[in-house]
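# Structure at a glance
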Amino acid sequence: MQHDAAATFSKTPPHAKGLPLLGNSLNMRVDPLHYFVKLYHQHGTVFRVTILGRPYWVMAGIEANRFLAREGEAHFGSESLFGGLARELGSDALLTALDGAPHRHQRKVQRRGFSKEIMLSQLNTIQAVSKDHIDQWQPGAVLPLFRTVQKLVTDQLGMVLGGRTCGPYFDDLWYFLNTNMKAHVMKTTPMFILKSPKYLRAKARTQLFAREVLDWHRANPPISREPDLFDDLLAAVDENGKPYSEKMLNASVIGSYFAGMDTISSTISFLLASLLMRPQLLERVLVEVDTAFENGGITPEALRKMDTLHHAAMETLRLYPAAPFTPRTVTESFEFNGYVFPKDTEVYIANCVTHYLPEFYPNPHEFDPDRYDRPDHPKTAQAFAPYTLGAHTCLGAGMAEVQMMAVVASLLRSLDLAIDPPNTPLVVYAAPIPNPGPKYAIKVIGKRKPLV
């Protein structure tokens, strides 16, 4: 890392070069993590970017990660970024928009429903939903990778979290989420899009779906079935001991479906593509997958024995994190590495820059699942941060890792797949969550072995 130490104590951090009006916007549309890594090496741990006229201060490196983990709750807020999405859902109590005591309380309410243990107990459900989707994909079919995985993952999450898929509501949920992320969080789309007929229809149908889910749970209480996340929400009270409002419950239902629609789907897409690009690694994974299915299918015990697949998933989370940076607003001024961050400054904590630093990951640009088996592999706290850090660390991180392994195992057991066209480069598009882009596709070459 090279930068001028004297500049550290200037009033404002160094500014990344950009274009008139657009600033650094174009650099942020394709592979923003690599862009931040480049700027880190150029400018150091603190620098500035401009996106469509809006200035952002960026914190990067291991010290930034540790600051976020230890002091982030005292200095950063989420409401200004995610509050707009919450209000569009009709509530100010959406988990991602809350901070402090209300946030900690709602995490406690939702912890069981988003736990790794719940996902492990629902592996048969995950496999059944996978089979329903896979049965519809015939040899010769060319499928857009990210979109196909999104539909599969969202249906699985729906069954695990609330006992039903989103079915015909998927397109509405997807459009509602992505429009709000671009308008309210990323601020790359003008706000008037929220008044368009297409958006208003998606919003209305999203709210209708939430009411249907809650009505079903009220009509079918968990007497002869295990309680799920939405049962927990219906039974809970807020941090003041009051029942949650109907609007808050609606928002939480929709927020739960949103939890993996982009993020988990992104990771699964990159994991599957990374395996298909590497035939020798794929063969090793197929041995683990076939062994598991020949000994009873996907079980918790089988997942624990899939070391190669697990390490490939970790490498995917390292190289292609769904949350490469954490957007926040400064609520209390602070000093970091010689710079004073004023209140109301919009900040990106680039928590995954460390994923590409050789002091933490030798040969960082190489997809190397075997690195985790080497005894000399560096293990530095807060260097691996695909789920961000601190108070807002992803509540469903353990659940996500189980789901991504189970989904990829089911797909590889059932289908002979290939990237289509062959040798298509894997590019990271941020629209708004990093993904392989709408044109990146896989082809069903043939059927392998049926799921049991």
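Structural data are supplied above this passage.
Residues numbered from 1 in each chain as written. Predicted model: local features only at pLDDT ≥ 70, side-chain atom pairs only at ≥ 80, totals over all residues. Heavy atoms only, no water.

Quick look at the pattern of salt bridges now. Under the criterion given, the structure shown has 22 salt bridges. One salt bridge in this structure joins R201 and D172, with 3.3 Å as the shortest N-O distance. Taken together, the residues span a long stretch of sequence, with R201 in helix α10 (residues 197–219) and D172 in helix α9 (residues 170–185) at a distance of 29 residues. Take R201: its relative accessible area is 52%, and that puts it in the exposed class. In this structure, E246 engages R218 in a salt bridge whose closest nitrogen and oxygen atoms are separated by 2.8 Å. Of the two residues, E246 is situated in helix α12 (residues 246–261) and R218 in helix α10; the sequence distance between them amounts to 28 residues. Residue class for R218 comes out partly exposed when judged on its relative accessible area of 42%. What you see here is one network of salt bridges that share partners, running through D290, E294, R413, R448 and K449. (Salt bridge = Lys/Arg side-chain N within 4 Å of Asp/Glu carboxyl O. Helix = DSSP H or I, 4+ residues; strand = E, 2+ residues; numbered from the N terminus. Buried < 20%, exposed > 50% of the residue type's maximum accessible area, 1.4 Å probe, protein only.)

Turning our attention to the packing of helix α8 (residues 145–162) against helix α17 (residues 397–414). Helix packing for two helices is described by the angle between their axes and how far apart those axes are. It is at 12 Å that the axes of α8 and α17 come closest, and there the two elements cross at 125°. Accordingly, the angle class assigned to the pair α8 and α17 is oblique. Read as a crossing pair, α8 and α17 show a hand that is right-handed. Contact with α8, carried on its side by L152, V153, Q156, L157, V160 and L161, involves M399, Q403, V407 and L411 of α17 and no other residues of that element. Its residues assigned to classes, the contact of α8 with α17 shows eight nonpolar, two polar and no charged. (Axes fitted to C-alpha atoms, helices over the stretch in contact; angles between N-to-C directions. Parallel < 35°, antiparallel > 145°, perpendicular 65-115°, else oblique. Left-handed = near helix turned anticlockwise from the far one by under 90°. Contact = heavy atoms within 4.5 Å. Nonpolar A, V, L, I, M, F, W, Y, C, P; charged D, E, K, R; others polar.)

All right, on to the packing of aromatic side chains then. In this structure the tally under the stated criterion is 18 aromatic pairs. Between F325 and Y348, the ring centres sit 4.6 Å apart and the planes meet at 45°, which makes this aromatic pair tilted. Here the residue F325 occupies a position in the loop between α16 (307–319) and β5 (326–330), and Y348 occupies one in strand β8 (residues 346–350), the gap between them amounting to 23 residues. Each member of the pair F325 and Y348 is classed as buried. Through pairs of rings, three or more aromatic residues link up here, namely Y35, F36, F47, Y56, F325 and Y348. Directly above the aromatic system of W174 lies the positively charged group of R147, at a separation of 4.4 Å from the ring centroid. (Phe/Tyr/Trp six-rings, centres within 6.5 Å; stacked < 30°, edge-to-face > 60°. Lys NZ or Arg CZ within 6 Å of the ring centre and 35° of its normal.)

Take the side chain of R413 next. Of note, R413 is situated in helix α17. Not counting chain neighbours up to four residues away, the residues in contact with R413 comprise V289, D290, F293, E294, R448, K449, P450 and L451.

The element strand β2 (residues 54–60) is largely enclosed, with a buried count of five among its seven residues. Pairing of strand β1 (residues 46–51) with β2 involves six bridges; the strand directions are antiparallel. Directly across from V46, in β2, lies its bridge partner M59. Between the antiparallel neighbours β1 and β2 lie two residues, among them L52 with a positive phi of about 50°. The sheet contact formed by β2 and β8 spans four bridges and is parallel. Residue pairing across strands places A60 opposite A350, the latter belonging to β8. (Pairing = 2+ DSSP bridges.)

Another point: the sheet that holds strand β12 (residues 441–447). Strand order in the open sheet formed by three strands is β4-β12-β9, with antiparallel pairing between adjacent strands. Edge positions in the open sheet fall to β4 (142–144) and β9 (415–420), since each of these has one partner strand only. Neighbour-to-neighbour, the strand axes of the sheet open up by a mean angle of 35°, direction not taken into account. Here β9 runs beside β12; their pairing, made up of six bridges, is antiparallel. Looking across to β12, one finds that L415 is bridged to K447. Contacts between α8 and the sheet are confined to β4 and β12, with β4 contributing the most and set at about 75° to the helix. Contacts between helix α13 (residues 263–276) and the sheet are confined to β9 and β12, with β9 contributing the most and set at about 90° to the helix.

Another point: the nonpolar core. Within the largest apolar cluster, 135 residues are counted, with the highest numbers of intra-cluster contacts made by F36, V49, L272, L275, L309 and V353. With twelve residues, the top contributor of residues to this core is α17. In this structure, L272 is in contact with L145, V408, L411, L412, L417 and I442, ignoring residues within four places of it in sequence. With 16 residues, the next largest nonpolar core counts M59, F67, L68 and Y339 among its residues. (Core = buried A, V, L, I, M, F, W, Y, C linked by side-chain atoms within 4.5 Å.)

This brings us to the sheet that holds β8. Strand pairing in a sheet relies on backbone hydrogen bonds. The paired strands run either parallel or antiparallel. Taking strand neighbours across the sheet as the criterion, the five strands line up as β1-β2-β8-β5-β3 in an open arrangement whose pairing is mixed. Each edge of the open sheet carries a strand with a single partner, namely β1 and β3 (76–77). Judged from the four bridges that link them, β5 and β8 form a sheet pairing that is antiparallel. When the sheet's bridge partners are listed, R328 is paired in β8 with V347. Along the sheet face, helix α2 (residues 32–43) touches β1, β2 and β8 and points at about 135° away from the line of β1. Against the sheet, helix α4 (residues 79–88) contacts β3, β5 and β8, and its axis sits at roughly 110° relative to β5.

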